[in-house]
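Inside the fold
Spelled out, the chains give:
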Amino acid sequence: MYEIIVKTEFASAHNLRNYNGVCENLHGHNWKVDIVVETKELDRSGLAVDFNLLKEKSNKIATDLDHIYLNEHRAFKTVNPSSENIAKYIFDELVKAMGNSCRVKKITLWETDDAAASYFEE
Ligand SMILES: [Zn+2]
């Protein structure tokens, strides 16, 4: 198996609903995203996935989440914009964007330098 890893980032605001603590208040993060995809085979060029393609698709998803209030984004009007749910959203969007070119393995979303949530499917 081959793994390809790229990173992207975005900055946005959110607040957690049904949460008793300071994260209930409006605040922002400089979110960092680690994207891991895998393939069984390499293509004729010896590549698992073209970095440029994966970066383009990942950055497009990140741009859609950049400089907004996440609670008003279509994906988070009822779903809480927690790191866990945002990671799953990015995962699902990337699966759609990459099609059959690779398997999206894991999305890790860092909300601070020392706290992250990951989403993956078994
Ligand atoms: Zn937060």
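Structure shown above.
Notes on the structure follow. In this text, all values refer to a predicted model and were calculated from it rather than measured experimentally.

1. Notes on the overall build of the protein
Each helix and strand in the protein was counted, giving 2 helices and 4 strands. Secondary structure elements in the protein, listed N-terminal to C-terminal, are β-β-α-α-β-β. A globule of 122 residues ought to have a C-alpha radius of gyration of about 14 Å, and the protein, at 15 Å, matches this closely. For the C-alpha atoms alone, the extent of the protein along its principal axes is close to 50 × 25 × 25 Å. Counting all 122 residues of the protein, 25% fall into the buried class.

2. Re the pairing of strand β2 (residues 27-39)
As paired elements, strand β1 (residues 2-14) and β2 share 13 bridges and run antiparallel to each other. Paired with Y2 across the two strands is T39, which belongs to β2. Here β2 runs beside strand β3 (residues 103-112); their pairing, made up of 7 bridges, is antiparallel. Across the sheet, V36 pairs through a bridge with K106, a residue of β3.

3. Focus on the environment of T63
Following the sequence through the fold, T63 ends up in helix α1 (residues 51-64). Take T63: there are 11 C-beta atoms within 10 Å of it, and that puts it in the exposed class. Between the C-alpha atoms of T63 and H73, which are 10 residues apart in sequence, the distance is 12 Å.

4. Concerning the sheet that holds strand β4 (residues 115-120)
Read from one edge of the open sheet, 4 strands run β1-β2-β3-β4, paired in antiparallel fashion. Each of the sheet's edge strands pairs with one partner strand only, and the pair in question is β1 and β4. For this sheet, the mean inter-axis angle between neighbouring strands, taken without regard to orientation, is 20°. Sheet contacts for α1: β1 and β2; angle to β1, the most-contacted strand, approximately 20°. Taken strand by strand, helix α2 (residues 83-98) contacts β2, β3 and β4, and its axis lies near 145° from that of β3.

Rules and cut-offs
Residues numbered from 1 in each chain as written. Predicted model: local features only at pLDDT ≥ 70, side-chain atom pairs only at ≥ 80, totals over all residues. Helix = DSSP H or I, 4+ residues; strand = E, 2+ residues; numbered from the N terminus. Rg over C-alpha atoms; globule rule 2.2 N^0.38 Å. Buried ≥ 20, exposed ≤ 12 C-beta atoms within 10 Å, placed from the backbone. Pairing = 2+ DSSP bridges. Axes fitted to C-alpha atoms, helices over the stretch in contact; angles between N-to-C directions. Contact = placed C-beta atoms within 7 Å.

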